[in-house]
Amino acid sequence: MGGNRFFTESFGTVQTKVPIRRLSGEGGPAKVCGVEKQAIRNARPSWTRGKAGAMLNRISHGVRRTGSRLADGLITLPIARWTWRSLADDAFAGELADFRPADRDAVRDMMSGRYLLASKLVETGGTSPFAVEIEHLDWWHNLHSFSWLRHFRDVTDMGERRFARTLVLDWIGRDGKWRKDSWTVQLTAQRVLNWLRHLPLLLEGATPEQAKTIQRVIGTQVQSLKLRGLLASEPADSLFAAIAVLAAEYFEQGEKSDLPGKVEQLNRLLANQLDENGLHLSRNSKLQLQLLVELVSVRRVAGSIKSEAANELGAQIDRMHESLDALTLSSGEPAFFNGTGHLPHDVLIAIQSNGPNRKRRSSLLGGYGILRNGDAVVIADTGLLPPAGLDGERHASALAIEFSHGSELIFGSCGPAPSDLPASKALFRQGIAHSGPTINDEDLPGTGNPQVQLDAGDHLISMTSAGYGKRFGVELERRVTLLSGGTTLVGQDRMMGKGTPSGVLAARFHLAPGVLVRRNNNEDMVRLVLPNGQVWSFLWEGAECHEEESVRQSAYLGFHKTRQLVLETEVAADREIAWIFTLEQ
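Computed from a prediction, not measured in an experiment: that's the story for all the values here.

### Comments concerning the overall build of the chain
Scanning the chain for helices and strands turns up 16 helices and 23 strands. Across the 585 residues in the chain, those meeting the buried criterion constitute 56%.

Set out below in structure tokens:
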């Protein structure tokens, strides 16, 4: 079965150890029957909708991306990089706000050669972490972005402060001159922002030559971002660059005459990449949080400029907070859609505490349908396709849902592939890795204009997809309703004939880690025992039910071996699978 194949190909390839190798050289709402309903309408121009528009959009983006990469290649040539250094004579002073929590134990661990980054522990044996190569991209990115400097924020011991400065100087010695991997636009911007957040830590106690070196390298990186941010082939990279350039302009000593212009530029870029609700058009909550980490820090900087652009920037950041909160389950984790996995909970809480008051309600947002009733949350993906250039993390999760009650996730998606298993990336993007309907284990295509309706009063969402019409002769409709204060979830998956029906429909429910499955003698009911002791009953009709192995992948918690419930039936016009999860009182 598809689930068994997924389990074998993913969980069976887990690496238990991370290899470390030394580097040998250089390192609008409508009224229906008196009930207010909403429908997702794509805010993009009509010419971008449909297959022809999508193809034109992608070709246009491909041309722009190629041109941007060629231009970036030119300005990163040695003769062009010389101009970065020649313009990098400005000094910086002050301290950018950092709202992320610090961990005193992390300082002790790093000084002992133990680097726990992105929940991956690497022991360097006293060697500089920049002198080892690690096959875990998230760990490497955390190291080179210097996000871990926040743990040294409150230290007073001169030895510990000197250790942090030594690591910065060590990076400068190895990577201070441009390198393709460690000087990507996003990584450079995050590094600049983290150094600006901790300038006193890096400069106080440094020798004049060390302070001059740190200032010069900050300036060089800022100059590179001013040029490369405008030419970035990835739209999100331009955002990160604009945030860093704004912060650097504010903390640069001397006249800050261009600060209002930097605020306007950032506000304009952000408006182009957010929908009307404040969700990034990539539909990726991980990227949403990454951007908010930086935007929350520079919000006060922008607020120092009394302008319409600064006010609108603040309003856009508020909408981003609200969108991220809407896509967070009651268990505290975001829905695992479109490349989003487990996010560091302490950072998520700290950043969101700087946003507006929460608005917990059923809604439609950025191609997602959210149902909230009592202690339960359902988040559904309608299959909205991100625009070209922002679809790099798109998963085949059309009509898939995730369900939580209280602090417990009940079922969801398998998660994005672990960064140390890049070969599994395509596997985790498949439809069978999500709690949604598929036919013959083939992915249900997304669309630029999903058909969805929300009845917020009855906590009901209805989604329809024509993606299987040509291949299997049916369209799919999924209706999901939260009843009884969130203690009952009812669903119907209906097939509507659009040709000659064929194939096998499977509706999957990937259970959360720790959920136990109890079923006696193939009876027509399954009991699920949650880690908190709650028991949920699962009943169905119109299909055969069986249990398979599955996984839940988290970048911060690793692989969890889990189970999945699979409902299967032959594809036929007007056939329906009905299912229900209900809490036993």
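### Observations regarding the nonpolar core
The biggest cluster of nonpolar side chains holds 79 residues, and the ones touching the most others in it are Trp148, Leu149, Phe152, Trp195, Leu196 and Leu295. For Trp195, the contacting residues outside a window of four places in its chain are Phe146, Leu149, Val168, Trp171, Ile172, Leu202, Val217, Ile218 and Gln221.

### Overview of the confidence of the model for the chain
Per-residue pLDDT for the chain averages 86, and the proportion of residues at 70 or more is 84%. The model gives residues 1-50 a pLDDT under 50, and that stretch makes 110 contacts with residues more than four places away or in other chains.

### Points about the pattern of salt bridges
One pass over the full model with this rule turns up 28 salt bridges. Between Glu294 and Arg197 there is a salt bridge, and its shortest N-O distance comes to 2.6 Å. With Glu294 in helix H12 (residues 285-303) and Arg197 in helix H7 (residues 185-197), this pair connects stretches of sequence that are 97 residues apart. Of the two residues, Glu294 and Arg197, neither departs from the other in class, the shared state being buried. The salt bridge involving Glu322 is made with Lys359; its shortest N-O contact spans 3.5 Å. Of this pair, Glu322 sits in helix H13 (residues 308-326) while Lys359 sits in the loop between helix H14 (345-352) and strand E7 (363-365); the two residues are 37 residues apart in sequence, bridging distant segments of the chain. By relative accessible area, which is 27% here, Glu322 ends up partly exposed.

### Let's talk about the packing of helix H5 (residues 137-145) against H7
Helices that pack against each other are described as a pair by the angle of their axes relative to one another and the distance between those axes. Interhelical geometry of H5 versus H7 gives an angle of 45° and a closest axis separation of 8 Å. Classed by the angle they form, the pair H5 and H7 counts as oblique. Every residue of H7 that contacts H5 at Trp140, His141, His144 and Ser145 is listed here: Gln186, Leu187, Gln190, Arg191 and Asn194.

### Things to note about the packing of aromatic side chains
According to the stated counting rule, one finds 21 aromatic pairs in the structure shown. Here Trp579 and Phe581 contribute two aromatic rings whose centre-to-centre distance is 6.0 Å and whose plane-to-plane angle is 75°, an arrangement assigned as edge-to-face. Its relative accessible area of 0% is what places Phe581 among the buried residues. An aromatic cluster of at least three residues, connected via ring pairs, comprises Phe130, Phe146, Trp148, Phe152, Phe163, Trp171, Trp183 and Trp195. Positioned above the aromatic ring of Tyr368, the side-chain terminus of Arg283 is 4.0 Å from the ring centre.

### Looking at unusual backbone geometry
Outside of glycine, negative phi angles account for most residues, and trans bonds account for most peptide bonds. Unusually for a residue other than glycine, Asp441 sits at a positive phi of about 60°. Phi angles above zero are rare outside glycine, and His459 is one such case at about 55°. The topology assignment puts His459 in the loop between strand E13 (451-455) and strand E14 (460-465). Here His459 falls in the buried class, since its relative accessible area comes to 18%.

Quick notes on the rules
- Residues numbered from 1 in each chain as written.
- Predicted model: local features only at pLDDT ≥ 70, side-chain atom pairs only at ≥ 80, totals over all residues.
- Heavy atoms only, no water.
- Helix = DSSP H or I, 4+ residues; strand = E, 2+ residues; numbered from the N terminus.
- Buried < 20%, exposed > 50% of the residue type's maximum accessible area, 1.4 Å probe, protein only.
- Core = buried A, V, L, I, M, F, W, Y, C linked by side-chain atoms within 4.5 Å.
- Contact = heavy atoms within 4.5 Å.
- pLDDT = per-residue confidence, 0-100.
- Salt bridge = Lys/Arg side-chain N within 4 Å of Asp/Glu carboxyl O.
- Axes fitted to C-alpha atoms, helices over the stretch in contact; angles between N-to-C directions.
- Parallel < 35°, antiparallel > 145°, perpendicular 65-115°, else oblique.
- Phe/Tyr/Trp six-rings, centres within 6.5 Å; stacked < 30°, edge-to-face > 60°.
- Lys NZ or Arg CZ within 6 Å of the ring centre and 35° of its normal.

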